[in-house]
Amino acid sequence: MAGSGRRPEHRGPPELFYDEAEARKYTQNSRVVEIQSQMSERAVELLGLPEDRPCLLLDVGCGSGLSGDYISEEGHYWIGMDISPAMLDVAVEREVEGDLLLADVGHGIPFRPGMFDGCISISAVQWLCNADKKSHSPPKRLYRFFSTLYTALARGSRAVLQLYPENSEQLELITAQAMRAGFTGGMVVDYPNSTKAKKFFLCLFVGTSGTLPKGLGTECVNEELHQAKFTNERTRFRNVKGKSVKKSRDWILEKKERRRRQGKEVRADTKYTGRKRRPHF
């Protein structure tokens, strides 16, 4: 499950991809280390931890311990889980301060209820969407992960999972299983208009529905367009009267504004925008 700090371009299981040579090369890459540190800092920030005491955090897909290094620097304690023996061997050699566990999180989080004050994960959760074995069912593995994670977290705590979804369907699959397991929260997207800097953070709340943090670089952007919020109840793209709002004036104006921000040529808004035309005979 090792988080690489870069979008994975391979399809094989992580425990095979991150062999000894790859694990060392990855950990010694200054660019990867920098990105991993930045994303770890952002994930911990989104946890909203109390400032007056140290916390115990779970690091899912801890890899060689780069994200754990930041947790330690902040004065917190951590336990890391990873499926790659080679990555954990590098973490041991680096003498990281956290405890390490070799495990497949698709089998669940094997800790007692309410043990952790928070959880972070960097570039790892999307691995659970792969069916690397015939016995693997991505929805079942995701649900097993999220349901046991929910149990292992203290009430009122958060889990912040940075991920690289391949597409909207994969993102929907992940968030749906998190919701089914009892979490509330949503997706926080940093720098949504940037190709390189754009980052997805699934921010989950345990036991309470907190206020979803703002994504970085969204000061001049309508947040509702970039943060996928969800609760325990499924919601449809409909208004209070049950009518679909797709193709409505507001929907069309939002779509046109999105295209303008992408630099595309869009017709000017007028009083006729979104108005239904009479049928022609």
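Read on for an overview of the structure.

Quick notes on the rules
- Residues numbered from 1 in each chain as written.
- Predicted model: local features only at pLDDT ≥ 70, side-chain atom pairs only at ≥ 80, totals over all residues.
- Heavy atoms only, no water.
- Helix = DSSP H or I, 4+ residues; strand = E, 2+ residues; numbered from the N terminus.
- Contact = heavy atoms within 4.5 Å.
- Areas by Shrake-Rupley, 256 points an atom, 1.4 Å probe, with all protein chains shown as cover.
- Buried < 20%, exposed > 50% of the residue type's maximum accessible area, 1.4 Å probe, protein only.
- Pairing = 2+ DSSP bridges.
- Axes fitted to C-alpha atoms, helices over the stretch in contact; angles between N-to-C directions.
- Parallel < 35°, antiparallel > 145°, perpendicular 65-115°, else oblique.
- Left-handed = near helix turned anticlockwise from the far one by under 90°.
- Nonpolar A, V, L, I, M, F, W, Y, C, P; charged D, E, K, R; others polar.
- Core = buried A, V, L, I, M, F, W, Y, C linked by side-chain atoms within 4.5 Å.
- Phe/Tyr/Trp six-rings, centres within 6.5 Å; stacked < 30°, edge-to-face > 60°.
- Lys NZ or Arg CZ within 6 Å of the ring centre and 35° of its normal.
- Salt bridge = Lys/Arg side-chain N within 4 Å of Asp/Glu carboxyl O.

**Digging into the overall build of the chain**
- From N to C terminus, the chain includes eight helices and eight strands.
- Intrachain contacts of the chain at a sequence separation of at least 6 include 67% that bridge at least 24 residues.
- For the chain, the exposed surface amounts to about 15,900 Å²; the carbon and sulfur share of it is 48%.

**Here's the deal with the pairing of strand 6 (residues 184–190)**
- Extensive coverage of strand 6 is indicated by the burial of seven of its seven residues.
- Where strand 6 and strand 7 (residues 199–205) come together, seven bridges link them in antiparallel fashion. Residue pairing across strands places valine 189 opposite phenylalanine 200, the latter belonging to strand 7.

**Here we look at helix 4 (residues 66–73)**
- The buried fraction of helix 4 is high, at six of eight residues.
- Among the residues of helix 4, those classed as buried are Leu66, Ser67, Gly68, Tyr70, Ile71 and Ser72.
- Of the residues one or two after helix 4, glycine 75 is the one with positive phi, at around 85°.

**Structural notes on the packing of helix 6 (residues 138–152) against helix 7 (residues 168–180)**
- Contact geometry for helix 6 and helix 7: axes closest at 8 Å, N-to-C directions at 45°. As the angle between them shows, helix 6 and helix 7 are arranged oblique. In the crossing of helix 6 with helix 7, the sense of the turn from one axis to the other is right-handed. Across from Pro138, Pro139, Leu142, Tyr143 and Phe146 in helix 6, the residues of helix 7 making contact are Leu173, Ile174, Gln177, Ala178 and Arg180.
- In terms of residue class, the contact of helix 6 with helix 7 is made up of eight nonpolar, one polar and one charged.

**Concerning the side chain of serine 67**
- Residue position: serine 67 is located in helix 4.
- Setting aside chain neighbours within four positions, we find serine 67 in contact with Gln36, Ser40, Asp59, Cys62, Ile120 and Ile122.

**Remarks on the nonpolar core**
- Counting 33 residues, the largest nonpolar core has Phe145, Phe146, Leu149, Leu161 and Phe183 as the members making the most contacts within it.
- Among the secondary structure elements, those contributing two or more residues to this core are strand 1 (56–60), strand 2 (77–82), strand 4 (116–122), helix 6, strand 5 (153–163), helix 7, strand 6 and strand 7.
- Counting residues per element, this core draws most heavily on helix 6, which supplies six residues.
- If we ignore the near neighbours within four places in the chain, the residues touching leucine 149 are Leu58, Ile109, Cys119, Ala159 and Phe183.
- Judged by nonpolar contacts, the second largest core, of 25 residues, contains Leu49, Leu57, Cys62 and Ile120.

**A few points about the packing of aromatic side chains**
- If you walk through the whole model with that rule in mind, you get four aromatic pairs.
- For the ring pair phenylalanine 145 and phenylalanine 146, a centre distance of 4.9 Å and an interplane angle of 50° mean the geometry is tilted. For the pair shown, phenylalanine 145 and phenylalanine 146 are each scored as buried.
- Look at tyrosine 150 and phenylalanine 183: their rings are 5.0 Å apart centre to centre, the planes differ by 80°, and that puts the pair in the edge-to-face class. Remark: phenylalanine 183 occurs in the loop between helix 7 and strand 6 and tyrosine 150 occurs in helix 6; sequence separation between them is 33 residues.
- For phenylalanine 183, a relative accessible area of 0% corresponds to the buried category.
- Clustering of aromatic rings is evident, with ring pairs tying together Phe145, Phe146, Tyr150 and Phe183.
- The lysine or arginine in question, arginine 180, covers the ring of tyrosine 143, its NZ or CZ lying 3.9 Å from the ring centre.

**Quick word on the pattern of salt bridges**
- Counted under the stated rule, the structure contains six salt bridges.
- Across the salt bridge formed by arginine 42 and glutamate 45, the nearest N and O atoms sit 3.2 Å from each other. You can see arginine 42 and its partner glutamate 45 sitting in helix 3 (residues 30–47), three residues apart, about one turn around the helix.
- Owing to a relative accessible area of 7%, arginine 42 belongs among the buried residues under this scheme.
- For glutamate 45, a relative accessible area of 51% gives the class exposed.
- Arginine 42 is the partner of aspartate 190 in a salt bridge, and the nearest nitrogen-oxygen pair spans 2.8 Å. Of the two residues, aspartate 190 sits in strand 6 while arginine 42 sits in helix 3, which places them 148 residues apart along the sequence.
- Overall, aspartate 190 belongs to the buried group, its relative accessible area being 3%.

**Section: the environment of isoleucine 174**
- Take isoleucine 174: it is sitting in helix 7.
- In this structure, the C-alpha to C-alpha distance between isoleucine 174 and leucine 142, residues 32 residues apart in sequence, is 6.8 Å.
- Contacts of isoleucine 174, omitting those with residues within four sequence positions, involve Val125, Cys129, Leu142, Phe146, Leu163 and Leu202.

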